[in-house]
Amino acid sequence: LKLNHARPELADPRVRLALSLAVDREFIAREFFSDTARPTAHVIPGPPSGPADLAQAQQIIDSLDASWLDRPLQIRTTVGENEPVAVALADDWGRLGIETEILVTYPTDLYQAVDNGDFDIAISRYNRGLKSDPFYMLDPFAPGGFADNFNWQDEIYASLMADARRQSDANARARTYAAAEARLLAQSALIPLVHERAHWLVGERLTGTRADVQPMLWRDLGIAQP
């Protein structure tokens, strides 16, 4: 979920955290992806997320000034499979007393609205193909990234991403990317929902990968001569 940080209602990281805690990711993955996606509260693939924590979310909302939200939050989504996800989100947040309205449009209209900052919350997805390095998962949200369009400017995140790009040691890079993700999640800059599973065919004559490892690049693959 992309959150528009320019909206006063979403500028407080406590609000964003409460919204994230209230989401039943397991329900979304099970009911709308037929178990072809894994619920997650992370950007870099890792352990699956735990259940929603409505009690903590409610505690956060109750600690806010009563006037923090004087209008429904708008959930923007596209026609098709994401519509029921929007309904589930509205139900989750309704349990916190947060009113929402769902605006369903075609993809081009959604992209234009997000680019113009005309949104509160947008259901979004991105596909990095066979690129599994953490760089490809986190860089879209760094300054200049293709998904850097939700009005979040954070010098710490930008600095960590820049440092990671300069690292030549793989372990050091991994630690720096982990720190960058931790910063993004600590600020609840986004609300991750699921990681969709990748599927690929592997034949006995295929070279350049193992049957249990996703290939990094298609150009590394080949076909052995019979």
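What counts and how
- Residues numbered from 1 in each chain as written.
- Predicted model: local features only at pLDDT ≥ 70, side-chain atom pairs only at ≥ 80, totals over all residues.
- Heavy atoms only, no water.
- Buried < 20%, exposed > 50% of the residue type's maximum accessible area, 1.4 Å probe, protein only.
- Helix = DSSP H or I, 4+ residues; strand = E, 2+ residues; numbered from the N terminus.
- Pairing = 2+ DSSP bridges.
- pLDDT = per-residue confidence, 0-100.

**Student:** Hey, could you run me through the pairing of strand β3 (residues 73-78) in this one?
**Tutor:** Two faces, one strand: in a regular strand the side chains alternate between the faces of the sheet. Counting buried positions along β3 gives 6 out of 6 residues, so the element sits mostly inside the fold. Neither face of β3 is left uncovered, since the one carrying Leu73, Ile75 and Thr77 and the one carrying Gln74, Arg76 and Thr78 both have all their residues buried. Pairing analysis gives 6 bridges linking β3 to strand β4 (residues 100-105), with the strands arranged parallel. Paired with Ile75 across the bridge in β4 is Ile102. One ladder, built from 2 bridges, connects β3 with strand β5 (residues 121-122); its direction is parallel. Among the inter-strand pairings, Ile75 is bridged to a residue of β5, identified as Ile121.

**Student:** Sorry if this is basic, but what is going on with the sheet that holds strand β1 (residues 2-3) here?
**Tutor:** Each strand in a sheet pairs with another by means of backbone hydrogen bonds, the pair being arranged parallel or else antiparallel. If you walk across this open sheet you meet the 4 strands as β1-β5-β3-β4, and the pairing is mixed. For this open sheet the edge positions go to β1 and β4, each flanked by a neighbour on one side alone.

**Student:** I'm lost on the confidence of the model for the protein in this one. Help?
**Tutor:** Low-confidence regions, as indicated by low pLDDT, have predicted coordinates that should not be scrutinised in detail. On average, residues of the protein carry a pLDDT of 90, and 93% of them reach 70 or more. Considering each helix and strand of the protein separately, the mean pLDDT is smallest for strand β7 (residues 206-207), with a value of 78, and largest for β5, with 98.

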